[in-house]
Amino acid sequence: MNYEFLQYEVENQVAVVYINRPPLNPLNTKVFHELYALIDELEANRNVSAIVITGKGEKAFVAGADIHEMLDLDLAGMMEMNRISRAAFSKIENASKPVIAAINGLALGGGCELALVCDLRICSDKAKFAFPEVNLGIIPGGGGTQRLQRIVGQGVAKELLYFGEMIDAQRALDIHLVNKVVPSDQLLPIAKEWAGKLAKKPAIAMRMLKEAVNTGANVDLQSGLMVENACFGNAFATEDRKEGMRAFAEKRKPVFSGK
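First things first, this report covers the structure right here in the doc. (Residues numbered from 1 in each chain as written. Predicted model: local features only at pLDDT ≥ 70, side-chain atom pairs only at ≥ 80, totals over all residues. Heavy atoms only, no water.)

**Things to note about the overall build of the chain**
Then comes step 1: Counting its regular elements, the chain contains 11 helices and 10 strands.
Then comes step 2: Computed over the C-alpha atoms, the radius of gyration of the chain is 19 Å, within 12% of the 18 Å expected from 2.2 N^0.38 for a compact globule of 259 residues.
Then comes step 3: The C-alpha extent of the chain, read off along each of the three principal axes, is 60 × 40 × 35 Å.
Then comes step 4: Contacts in the chain between residues at least 24 apart in sequence constitute 70% of all its contacts with a sequence separation of at least 6.
Then comes step 5: In the structure as shown, the chain presents an accessible area of about 13700 Å², 56% of it carried by carbon and sulfur atoms.
Then comes step 6: Averaging the locations of the 30 positively and 31 negatively charged side chains of the chain gives two centres separated by 7 Å. (Helix = DSSP H or I, 4+ residues; strand = E, 2+ residues; numbered from the N terminus. Rg over C-alpha atoms; globule rule 2.2 N^0.38 Å. Contact = heavy atoms within 4.5 Å. Areas by Shrake-Rupley, 256 points an atom, 1.4 Å probe, with all protein chains shown as cover. Lys, Arg positive; Asp, Glu negative; His and termini not counted. Charge placed at Lys NZ, Arg CZ, Asp CG, Glu CD.)

**A few points about helix α9 (residues 203–216)**
Then comes step 1: In a regular helix each residue adds 1.5 Å, so 14 residues correspond to 20 Å; α9 covers 20 Å between its end C-alpha atoms and thus fits that length.
Then comes step 2: Inspection of α9 places I204, M206, M208, K210 and A212 among the buried residues, and these make up the whole buried set.
Then comes step 3: Summarising the contacts, the buried residues of α9 are in contact with α3 (75–93), β5 (99–103), α8 (187–199) and α10 (221–236). (Expected span 1.5 Å × (residues − 1). Buried < 20%, exposed > 50% of the residue type's maximum accessible area, 1.4 Å probe, protein only.)

**Remarks on the pattern of salt bridges**
Then comes step 1: A full pass over the atoms with the stated rule returns 14 salt bridges.
Then comes step 2: Between E93 and R147 there is a salt bridge, with its nearest N and O atoms 2.8 Å apart. Of this pair, E93 sits in helix α3 while R147 sits in helix α5 (residues 144–152), placing them 54 residues apart in sequence.
Then comes step 3: The exposure class assigned to E93 is partly exposed, which follows from its relative accessible area of 21%.
Then comes step 4: Since its relative accessible area comes to 16%, R147 is described here as buried.
Then comes step 5: Note that E239 and K242 form a salt bridge whose closest N and O atoms lie 3.6 Å from each other. Residue E239 and its partner K242 are both found in helix α11 (residues 239–249); the two are separated by three residues, about one turn of the helix.
Then comes step 6: You can call E239 partly exposed: its relative accessible area is 44%. (Salt bridge = Lys/Arg side-chain N within 4 Å of Asp/Glu carboxyl O.)

**Brief notes about the pairing of β5**
Then comes step 1: Of all five residues in β5, five are buried, a share of seventy percent or more.
Then comes step 2: Alternating residues of β5 divide into V99, A101 and I103 and I100 and A102, and every residue in both groups is buried.
Then comes step 3: In this structure, β5 lies alongside strand β7 (residues 120–124), joined through four bridges in parallel fashion. Paired with A101 across the strands is R121, a residue of β7. (Pairing = 2+ DSSP bridges.)

**Thoughts on the environment of E34**
Then comes step 1: Note that E34 resides in helix α1 (residues 29–44).
Then comes step 2: In this structure, the C-alpha to C-alpha distance between E34 and L120, residues 86 residues apart in sequence, is 21 Å.
Then comes step 3: A polar contact of 2.8 Å, which involves the side chain of E34, links it to the backbone nitrogen of E4. (Polar contact = N/O pair within 3.5 Å; in protein donor to acceptor, adjacent residues only side chain to side chain.)

**A look at the pairing of β7**
Then comes step 1: Of all five residues that make up β7, four are buried, and the element is covered over most of its length.
Then comes step 2: Where β7 and strand β10 (residues 180–182) come together, three bridges link them in parallel fashion. Looking at β10, one finds that I122 is bridged to K180.

**A look at α8**
Then comes step 1: Taking 1.5 Å per residue, 13 residues should reach 18 Å; α8 reaches 18 Å between its end C-alpha atoms and fits that length.
Then comes step 2: Every buried residue belonging to α8 is among L187, I190, A191, A195, G196, L198 and A199, and all of these are buried.
Then comes step 3: Contact partners of the buried residues in α8: β2 (14–19), β3 (50–55), β5, β7, β10 and α9.

As structure tokens, then:
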């Protein structure tokens, strides 16, 4: 499939996806459709074991949703756009392969929501974050009110959502919104390095880890433990489990096959 607003490259089992709507890479309906389709494509690609999502250029990861598109929408049109955005975000969040957000500049509104659905977030020391929706008379509609509080806690989430003010990379790290802050020229190399390490892990065990954590975050403890137990059994039944344990006993590096 040809993509108008996305570019991607695959190297060493890692796909790097660029959102390409310079200079600020805003999200519109077409971008959401393309994200959904591309994640499907990368899921089916056996040469891809981990994914990095970033923005093209240095100014922005994603500076929110496309306000110019939203201005022309009535309520029905806006709800349809919101449905499409939620589908794209859920597709990324539930991808079987680990996804890393490499946040290279502004991550505002929908850009923050996109980062939240990724498994890990690395940002440039020049990155800035905000949920400014309240200042436009709206609220986040792509899952921000729900996912943000699960990551940073309800009190901090309300602070960011209610004030709608910008925070810098260090504050984002302090509240655990991001996993790591790096110099801007090292952002993509380090994101690729992390993704490369994940790509070498046993694929089924990685998928089961993601399913256990993601599902467990939204259910009670006992239900989560049951999910973990099922995922543990699925991982234990693999050839990679046998290889991993055999390699440990033989004091060598395992060679995983993804089976």
